[in-house]
Amino acid sequence: MKQNLKTYALITLGSVIYALSFDWFVAPNHFAMGGVTGLAQILHHLFPALTVGTASALMNVPLFLIGWKKIGGHLLVSSLYAMVVSNAAIDGLNLLFDFQPMDPILAVLFGGGVMGVGLGLVFAQGATTGGTDIVAKLLKLKWPWLPIGKLVMIPDTAVMLLVALAFGQLSAMLYGVIKLYTCSKAMDAVLYGTVDSRVAYIISDHWRELCQTLLQSRGVTILQGQGAYTGAEKQVLMIAFKQKEIVDLKRRVYELDPKAFVIVCDARDVLGNGFSPYRQDEI
């Protein structure tokens, strides 16, 4: 019960943040919005009496049925809840506040970032806000190695073309693309975290001494290498570490061997001792 309350509290928070971003940054500036919300913008433009929230809810029904069959009941229940909250919040906030247009560059950058945070919170709880978010979930089944933020961009870009045609402004689509990219990056940052891990490859004639000093803080793997020019055998040390440890690691290496050759790379999804645990249901 406690876990369910936490899950739905985060879904509620994410849905309201999503709605706030739409009402504050997207709608007043008439940016092209992807997904079902974008299609709802078109219907609202053609039929002003039909609100964006209501039109979005109606178009979501067939998508939810498909998602239920392909992904399962949890998606249906949690996503229905997220959809109701987000659509109600879109209409409710629009009634409570009169959001005015702002500088379009600021709107797309901050609007996309805020919207990405909201969607990331919803996705992290195994739900969606409906629409093409469900399509992205279905695409994830086919291409599980792709981040969900990039998958959201596929159907949303197609819808934004239609929105741009409806409003008769190419700039609406171009601003929408920037917002979508910012939203995608923010969503992936919430879901997968920022790059905080690094991996270093160290080639040194003093590899034994380096092993001893590096093992005081992190595990070290010894790889067998060979110089392509000289043909000499080399021991390559591989070590995964946190970003905050990089200064200390370099200091230890160069104190022992100023001629050491070091390559430091970004590392995502480092699993195991001292890093992230494996989660089978990770999106």
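These remarks concern the structure in this document. (Residues numbered from 1 in each chain as written. Predicted model: local features only at pLDDT ≥ 70, side-chain atom pairs only at ≥ 80, totals over all residues. Heavy atoms only, no water.)

Observations regarding a nonpolar patch on the surface
Here is the rule: Each patch is built from residues that are more than 30% exposed by relative accessible area and take part in no salt bridge. Like charges join if they lie within 9 Å; nonpolar side chains (Val, Leu, Ile, Met, Phe, Trp, Tyr) join within 5 Å. Surface accessibility in these figures is a Shrake-Rupley result with a 1.4 Å probe; residues are shielded only by whichever protein chains are displayed. Within this document, salt bridges are pairs made up of a side-chain nitrogen of Lys or Arg and a carboxyl oxygen of Asp or Glu, the two lying within 4 Å of each other. Numbering of helices and strands runs from the N terminus; a helix is a DSSP stretch of H or I covering at least four residues, while a strand is a stretch of E covering at least two. Each residue gets one of three labels from its accessible area relative to the maximum for its type: buried under 20%, exposed over 50%, partly exposed in between, using a 1.4 Å probe on protein chains only.
A grouping of Ile105, Leu106, Leu109, Phe110 and Ile178 is seen on the molecular surface, where their side chains present a nonpolar patch of about 440 Å² in accessible area. Broken down by element, the residue count for the nonpolar patch peaks at 4 residues, all from helix α5 (residues 104-124). For Ile105, the location among the structural elements is in helix α5. Judged by its relative accessible area of 42%, Ile105 is partly exposed.

What to know about the sheet that holds strand β4 (residues 261-267)
How we decide: When DSSP locates at least two bridges between a pair of strands, those strands are taken to pair. Think of each axis as a best-fit line through the C-alpha atoms, taken over the contacting stretch in the case of a helix, with angles from 0 to 180 degrees between the N-to-C directions. Note on contacts: a residue pair qualifies if any of its non-hydrogen atoms lie within 4.5 Å across the two residues.
The strand order across the open sheet formed by 4 strands is β2-β3-β1-β4, and the pairing between neighbours is antiparallel. Of all the strands in the sheet, the pair left with one neighbour each is β2 (221-226) and β4. Direction aside, the axes of adjacent strands within the sheet are offset by 25° on average. Both strand β1 (residues 197-203) and strand β3 (residues 233-242) contribute to a ladder of 7 bridges, which runs antiparallel. Counted as the bridge partner of Ala200 is Ile239 from β3. Helix-sheet contacts for helix α9 (residues 207-214) involve β1, β2 and β3, and the interaxial angle to β3 is about 15°.

Overview of the pattern of salt bridges
A full pass over the atoms with the stated rule returns 6 salt bridges. Its salt-bridge partner being Arg198, residue Asp266 comes within 3.3 Å of it at the nearest N-O pair. With Asp266 in strand β4 and Arg198 in strand β1, this pair connects stretches of sequence that are 68 residues apart. The class of Asp266 is exposed, set by a relative accessible area of 54%. Across the salt bridge formed by Asp205 and Lys234, the nearest N and O atoms sit 3.4 Å from each other. Highlighted residues: Asp205 in the loop between β1 and α9 and Lys234 in strand β3, separated in sequence by 29 residues. Relative accessible area serves as the criterion here: at 63%, Asp205 is assigned to the exposed category. Overlapping salt bridges bring together Asp248, Arg251, Arg252 and Glu255 as one network.

As for the packing of aromatic side chains
We describe a pair of aromatic rings using the distance from one ring centre to the other and the angle between the two ring planes. Definition in use: Two rings belonging to Phe, Tyr or Trp (six-membered ring only in the last case) form a pair when the distance between their centres is within 6.5 Å. Interplanar angles under 30 degrees mark stacking, angles over 60 mark edge-to-face geometry, and anything in between is tilted.
Throughout the structure, instances matching the rule amount to 4 aromatic pairs. The interplanar angle of 20° and the centroid separation of 4.9 Å between the aromatic rings of Trp24 and Phe25 together place this pair among those described as stacked. Judged by its relative accessible area of 37%, Trp24 falls in the partly exposed class. For Phe25, a relative accessible area of 7% corresponds to the buried category. Aromatic side chains Trp24 and Phe99 sit 6.3 Å apart centroid to centroid with 35° between the ring planes, which places their arrangement in the tilted category. Residue Trp24 is located in helix α1 (residues 2-26), and its partner Phe99 is located in the loop between α4 (73-96) and α5; the two are separated by 75 residues in the primary sequence.

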